[in-house]
Amino acid sequence: MSPHRPWRVCGAAMTGKASMPSRYSAMLSRMVPNLPSRASASQPPNGDTRNHLQAAGHICVLKDAFMYGSAAEIANLTSSDKFDAALAIHLYKGGRLLQGSRIPFGIIFGGTDVNEDVKCKEKRQVMGAVLERARFAVAFTVEMKELAAAEWPDARKKIYVQSQGIKATPSETFDWYQFLQNAGIPADSGPVHLFLLVCGLRRVKDPLYLVEAFSEWHRKDPSVHLGIIGPAVDPLFTSEVEERVKRAPGVRVLQELPQPELHAALRCCLALVNSSSSEGMSAAILEAMDLEVPVLARNIPGNAAIIKHKETGLLFSTPQEFVTLSKSLMSDPTLEKEIVTRAKEYVEQHHSWEGERKTYQSLVQRLQ
């Protein structure tokens, strides 16, 4: 590989479409680094990926890895298009497709790989083999690194910690009232308190966790609404969610939006909600913090790693606790102001977009 010519970067999204116009797509592409040449990424996050790569003069090609059924197909892709290197986000979903790859590659942990997939013997063996061959691996948190290092001690020295960089880009022409109208939420009969649950529709995100409790709350207070918005990552599960929501007053599955409009909608809502049963590092949470929007998140390790309860957000352990905390947020403007102010400070200090770029530009040199 010559350092004097740009690389071409191919990215394939392992947990959703690389081009999906949603906050979830932002979390997927945000983590693909700057490659100083031609490379392949097996599961990226959104336009930030291309921005990082193109800013360094490289070519980035993103592919949806769900389109590929085997490592041989990815090998044919990287060989026919003459890629110099590869990146995989998610040690199992992305990494397994790089087994036997002839080009050097790096790995970025997704979260569910070291939290969930490691519990399966077959997946654990595949991930261990992939990690052994990877030039480097990136964990979002120290806790995530330690989980991986405990499972694969020999890989400890090649695992680096880099939190996700955040750069929210809300549209300035977004029409909030039109958005509510499109969602079927009446905005002319009184106040609207909209909670947005932003996620790819798959079981680990558990978007149905709060539906029953929220619907019961809505019956008592018609001003509160829960909007579930994100790509249909799992079509079968998406149908299940849609059918369940049809029978739940106050809860709606909303149409996906381009990222700037989604950021603008988030900025207008009462709070961001995260109800995942497992999480690596939620970009949606970090973007809400950056936009100074309160966050209510399920109390799981991935969320607790970035949220300090009643300081930078609110953590709940049951649907009933979610409702209680939501009511306190609505009735206490001082609490809301303190939370969003501290959360904004936290993101600025610990989730620098520029810092993320520098880290990956350094790491990617290991793929030469």
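What counts and what doesn't
Residues numbered from 1 in each chain as written. Predicted model: local features only at pLDDT ≥ 70, side-chain atom pairs only at ≥ 80, totals over all residues. Heavy atoms only, no water. Salt bridge = Lys/Arg side-chain N within 4 Å of Asp/Glu carboxyl O. Helix = DSSP H or I, 4+ residues; strand = E, 2+ residues; numbered from the N terminus. Buried < 20%, exposed > 50% of the residue type's maximum accessible area, 1.4 Å probe, protein only. Phe/Tyr/Trp six-rings, centres within 6.5 Å; stacked < 30°, edge-to-face > 60°. Lys NZ or Arg CZ within 6 Å of the ring centre and 35° of its normal. Axes fitted to C-alpha atoms, helices over the stretch in contact; angles between N-to-C directions. Parallel < 35°, antiparallel > 145°, perpendicular 65-115°, else oblique. Left-handed = near helix turned anticlockwise from the far one by under 90°. Contact = heavy atoms within 4.5 Å. Nonpolar A, V, L, I, M, F, W, Y, C, P; charged D, E, K, R; others polar. Pairing = 2+ DSSP bridges. Core = buried A, V, L, I, M, F, W, Y, C linked by side-chain atoms within 4.5 Å. Right-handed = clockwise from strand over helix to strand, strands pointing away. Expected span 1.5 Å × (residues − 1). Arc of directions from axis to C-beta.

As named in an unreviewed UniProt entry, the chain is Glycosyltransferase 1 domain containing 1, taken from Zonotrichia albicollis.

Asks: How should I be thinking about the pattern of salt bridges in this particular structure?
Replies: Where side chains of opposite charge bring their charged atoms close, a pairing between them can arise. Tallying each qualifying case throughout the model produces 12 salt bridges. Linking E151 and R124 is a salt bridge whose minimum nitrogen-to-oxygen distance equals 3.5 Å. Of the two residues, E151 is situated in helix α6 (residues 142–151) and R124 in helix α5 (residues 121–133); the sequence distance between them amounts to 27 residues. When its relative accessible area of 35% is taken as the criterion, E151 is described as partly exposed. Residue class for R124 comes out partly exposed when judged on its relative accessible area of 25%. Its salt-bridge partner being K205, residue E279 comes within 2.6 Å of it at the nearest N-O pair. Of the two residues, E279 is situated in the loop between β11 (271–274) and α11 (283–290) and K205 in the loop between β8 (193–198) and α8 (211–220); the sequence distance between them amounts to 74 residues.

Asks: Got a minute to help me understand the packing of aromatic side chains in this structure?
Replies: For any pair of aromatic rings, geometry is given as the distance between the ring centres together with the angle between the planes. One pass over the full model with this rule turns up nine aromatic pairs. On the basis of an interplanar angle of 25 degrees and a centroid distance of 5.6 Å, the ring pair of W176 and F179 is categorised as stacked. Placement of the pair is W176 and F179 together in helix α7 (residues 176–182), with a separation of three residues, close to one helical turn. On the basis of relative accessibility, which here comes to 16%, the residue W176 falls in the buried class. An angle of 40 degrees between the planes, with centres 6.2 Å apart, marks the rings of F214 and F322 as tilted. Of this pair, F214 sits in helix α8 while F322 sits in helix α13 (residues 319–331), and the two are 108 residues apart along the sequence. Using a relative accessible area of 0% as the deciding quantity, one classes F322 as buried. Stacked on the ring of Y92, the Lys or Arg R96 has its end atom at 5.6 Å from the ring centre. Lying over the aromatic face of Y209, R298 brings its terminal NZ or CZ to 3.6 Å of the ring centre.

Asks: Sorry if this is basic, but what is going on with the packing of α8 against α13 here?
Replies: Between two packed helices, the angle of one axis relative to the other and the distance separating the axes together describe the packing. Packing of α8 against α13 leaves a shortest axis separation of 8 Å and a crossing angle of 45 degrees. What the angle tells us is that α8 and α13 run oblique. Relative to α13, the crossing made by α8 is right-handed. Packed against α8, whose contacting residues are A213, F214 and W217, the element α13 presents P319, F322, V323, S326, K327 and M330 at the interface. The residue makeup of the contact of α8 with α13, split by class, is seven nonpolar, one polar and one charged.

Asks: How should I be thinking about the sheet that holds strand β9 (residues 224–229) in this particular structure?
Replies: In a beta sheet, neighbouring strands are held together by backbone hydrogen bonds and run either parallel or antiparallel to one another. Read from one edge to the other, the open sheet built from six strands follows the order β10-β9-β8-β11-β12-β13, with strand pairing classed as parallel. In this open sheet, the two strands that pair with only one neighbour each are β10 (251–254) and β13 (314–316). On average, adjacent strands in this sheet sit at an angle of 25 degrees to one another, irrespective of strand direction. Bridge count for β8 against β11 is three bridges, and the pairing is parallel. Residue pairing in the sheet places F195 in a bridge with A271 of β11. Across the sheet, helix α9 (residues 235–246) is in contact with β9 and β10; its angle to β10 comes to roughly 145 degrees.

Asks: Just checking my understanding: could you explain the nonpolar core for this structure?
Replies: Soluble globular proteins tend to pack their nonpolar side chains together in the buried interior. One finds I107, F109, W152, F179, L196 and M289 to be the most contacted residues of the largest nonpolar core, which totals 75 residues. V224, V245, A248 and V323 belong to the second-largest nonpolar core, a separate cluster that totals 31 residues.

Asks: So what exactly am I meant to see when it comes to the environment of Y68 here?
Replies: Mapping Y68 onto the fold places it in the loop between β3 (59–64) and α3 (71–80). Take Y68: its relative accessible area is 15%, and that puts it in the buried class. For the pair Y68 and L97, spaced 29 residues apart in sequence, the C-alpha separation works out to 8.2 Å.

Asks: What should I look at first to understand the packing of α11 against helix α14 (residues 333–350) in this one?
Replies: Interhelical geometry of α11 versus α14 gives an angle of 115 degrees and a closest axis separation of 7 Å. As judged from the angle between their axes, α11 and α14 are roughly perpendicular. With respect to the hand of their crossing, α11 and α14 are arranged in left-handed fashion. Each of L286, M289 and D290 in α11 lies in contact with α14, whose residues at this interface are A343, K344, Y346 and V347. A per-class count over the contact of α11 with α14 returns five nonpolar, no polar and two charged.

Asks: Whenever I open this one, the pairing of β10 confuses me. Can you help?
Replies: Across four bridges, β9 lies against β10 in parallel orientation. Note that in β10 the partner of L226 across the bridge is V251. A crossover links β9 with its parallel partner β10, the connecting element being α9, and its sense is right-handed.

Asks: Which parts of the structure should I look at to understand α9?
Replies: An α-helical turn contains 3.6 residues, so a residue and the one three or four places further along point in the same direction. Taking 1.5 Å of rise per residue, the 12 residues of α9 would be expected to cover 16 Å, and the 17 Å separating its terminal C-alpha atoms lies within 8% of that figure. Those residues of α9 lying buried are F237, T238, V241 and V245. In an axial view of α9, the angular spread of the buried residues amounts to 105 degrees, which keeps them on one side of the axis. Seen from the open side of α9, the exposed residues pointing more than 90 degrees away from its buried face are P235, L236 and K246. Buried residues along α9 sit in contact with β9 and β10.

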